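Given next are the chains, with one letter for each unit.
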Amino acid sequence: MSELVCELLGERLMDRDQAEVESSPLGCDGRLVALYFGCSWSASCKEFTAALADFYSRFKQGENGDKLEVVFISSEEEYKPWQEFVGQMPWLMLPFQDMERKIKLWSKYKVTNVPTLIFIEGSTGRIVSRNGHLIIRDDPLGSEFPWGSKSFAEVMAGSLIKNNGQVVDNSALDGSYVGIYFSAHWCPPCRSLTRVLVETYRKIKEMGQKFEIVFVSADRSEESFKQYFNEMPWLAVPYTDEARRSRLNWNFGIQGIPTLLILDQEGKIVTRQGRPAVLNDIDCKEFPWHPKPVLELTESSALQLNERPSLVLFVDSEEEELEPAKQLIQPIAEEIFSEYKAKDEDPPLLFFVAGEGERQQQWEFWKRARLQEFNTPFPSTTSRGTN
């Protein structure tokens, strides 16, 4: 499948000496490609480059050394700083002049902050992990290569706690829908969602549904964690269990907070869009919020416009016109959703309907969503707890 990697990265890459290297060998079965998005002017990228170089050197000396390659994809606009920066890198890189391909790659993988390290299968292009920076930190010897996703039971193994300090076995989650809540006290959108989620949790429990939430903290200190967790009536991964918190982040590909995943009783993901689902369904009538191929564009659902390309069908402002509009694009949306669900991937396009008379209002929704940055990115550093 070398054609796929050539289409993605071009037929020629460059090494640190700027000699041309064929990209086709990266497409061999069993090989992973780590796409490193960064730039020379970022202090975080300079720090991360050093950490990645150490990891790369160790990995190349191990038994799987020939099964991983890193490709640097720069956002640099000037040649000289790019040349100086890549001279420090022992891996491959996209040629500086291939600007169009760089832009396409940054867009394709929705890279919004640097450094970002994404692992993909060379033969299929399938994303293995969007959180490569956590992998190289947590597995410095590469002993868990190829870092594929593990089951919920595997990554959740261990005790949980209540906010009164009581320790609970994770078997308390058996047979329940589970919300995995990635959040932090320092994040204003997180605190806003938590207030709504507390009421949602109470209502679902009163409905007799088996539902539990597990808080996975991104707080910067245990004191902040305890203060924030005290507001929550559900369970949490202990703050001191940093390895498990990190594993949950990279296993589920969490890119920012707040993120609320809803899992079914077997630990399979029902939806990654728990936040807009909760905000759009205050009465919890649609729990557990299976994804809909076509959504009505509201202030909450507009948050998803930032995630990927979207098609919005505007109709007459009368509310009764929205349902026929939904039915018009429903077959197309369902076909796309089914195709990508079979591949365990998110669909590349979202579908919305909205009233024509509300066009300006929806535009304001979108602008606010852009300003709020639906998911607040994690600090882009190689160590936890810094800005």
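Residues numbered from 1 in each chain as written. Predicted model: local features only at pLDDT ≥ 70, side-chain atom pairs only at ≥ 80, totals over all residues. Heavy atoms only, no water.

S.K.: Explanation requested: the packing of aromatic side chains in the structure shown.
M.R.: Within a pair of aromatic rings, the relevant descriptors are the distance that separates the centres and the angle that separates the planes. One pass over the full model with this rule turns up 28 aromatic pairs. Arranged with centres 6.2 Å apart and planes meeting at 80°, the rings of Tyr181 and Trp234 form a pair that is edge-to-face. Taken together, the residues span a long stretch of sequence, with Tyr181 in strand E10 (residues 177-183) and Trp234 in the loop between helix H8 (222-229) and strand E12 (235-236) at a distance of 53 residues. For the pair formed by Tyr181 and Trp234, the shared burial category is buried. Taking 5.5 Å as the distance between ring centres and 20° as the angle between the ring planes, the aromatic pair formed by Phe225 and Phe229 counts as stacked. Note that Phe225 and Phe229 are positioned in helix H8 at a spacing of four residues, about one turn of the helix. (Phe/Tyr/Trp six-rings, centres within 6.5 Å; stacked < 30°, edge-to-face > 60°. Helix = DSSP H or I, 4+ residues; strand = E, 2+ residues; numbered from the N terminus. Buried < 20%, exposed > 50% of the residue type's maximum accessible area, 1.4 Å probe, protein only.)

S.K.: For this particular structure, what's the right way to read the layout of surface pockets?
M.R.: Where empty space is left in the structure can be found by rolling a water-sized probe over the atoms. The volume enclosed by the second largest pocket comes to roughly 170 Å³. In terms of lining, the second largest pocket is formed by 14 residues, of which the most central are Phe152, Ala153, Asn170, Leu173 and Asp174. Take the lining of the second largest pocket: its biggest share by element is three residues, from helix H6 (residues 152-156). For the lining of the second largest pocket, a count of residues per class yields five nonpolar, six polar and three charged. (1 Å grid on protein atoms, 1.4 Å probe; cavity = no way out; pocket = protein on both sides within 12 Å on 5 of 7 lines; lining within 4 Å. Points joined across faces, edges and corners; volume = space filled by probe spheres on them. Nonpolar A, V, L, I, M, F, W, Y, C, P; charged D, E, K, R; others polar.)

S.K.: Is there a simple way to think about the nonpolar core in this case?
M.R.: Across soluble globular proteins, nonpolar side chains have a tendency to be buried as a group. The biggest cluster of nonpolar side chains holds 51 residues, and the ones touching the most others in it are Leu9, Tyr36 and Trp147. Top contributing element to this core by residue count: helix H2 (residues 43-60), with seven residues. Apart from residues lying up to four places away in sequence, Leu9 is in contact with Leu26, Val33, Leu35, Val71, Leu94, Arg101 and Leu105. Met156, Tyr177, Leu197 and Ile213 belong to the second largest nonpolar core, which has 48 residues in total. (Core = buried A, V, L, I, M, F, W, Y, C linked by side-chain atoms within 4.5 Å. Contact = heavy atoms within 4.5 Å.)

S.K.: Teacher, can you tell me more about H2 here?
M.R.: Count 3.6 residues to each turn of an α-helix, and residues three or four apart come out pointing the same way. Counted at 1.5 Å a residue, the expected span for H2 with its 18 residues is 26 Å, and the 26 Å between its end C-alpha atoms agrees. Listing the buried residues of H2 in full gives Ser44, Cys45, Phe48, Thr49, Leu52, Ala53, Phe55, Tyr56 and Phe59. In this structure, the buried side of H2 is in contact with strand E3 (32-38), strand E4 (68-74), helix H3 (79-86), strand E6 (116-121) and helix H5 (132-138). Of the residues that open H2, the one with a side-chain oxygen 3.3 Å from the backbone nitrogen of Ser44 is Ser42. (Expected span 1.5 Å × (residues − 1). Polar contact = N/O pair within 3.5 Å; in protein donor to acceptor, adjacent residues only side chain to side chain.)

S.K.: Is there a simple way to think about the pairing of E4 in this case?
M.R.: When a strand is regular, its side chains alternate between the sheet's two faces. With seven of seven residues buried, E4 lies mostly within the body of the structure. Where burial is concerned, the two faces of E4 agree: the one with Leu68, Val70, Phe72 and Ser74 and the one with Glu69, Val71 and Ile73 are both buried. When E3 meets E4, the two strands line up parallel, connected through seven bridges. Across the sheet, the residue bridging to Tyr36 is Phe72, located in E4. In terms of handedness, the path from E3 via H2 over to E4 forms a crossover that is right-handed. Direction of pairing for E4 relative to strand E5 (residues 92-93): parallel, over a ladder of two bridges. For Val71, the partnering residue across the bridge sits in E5 and is Leu92. In this fold, E4 hands off to H3, which returns the chain to E5; that crossover is right-handed. (Pairing = 2+ DSSP bridges. Right-handed = clockwise from strand over helix to strand, strands pointing away.)

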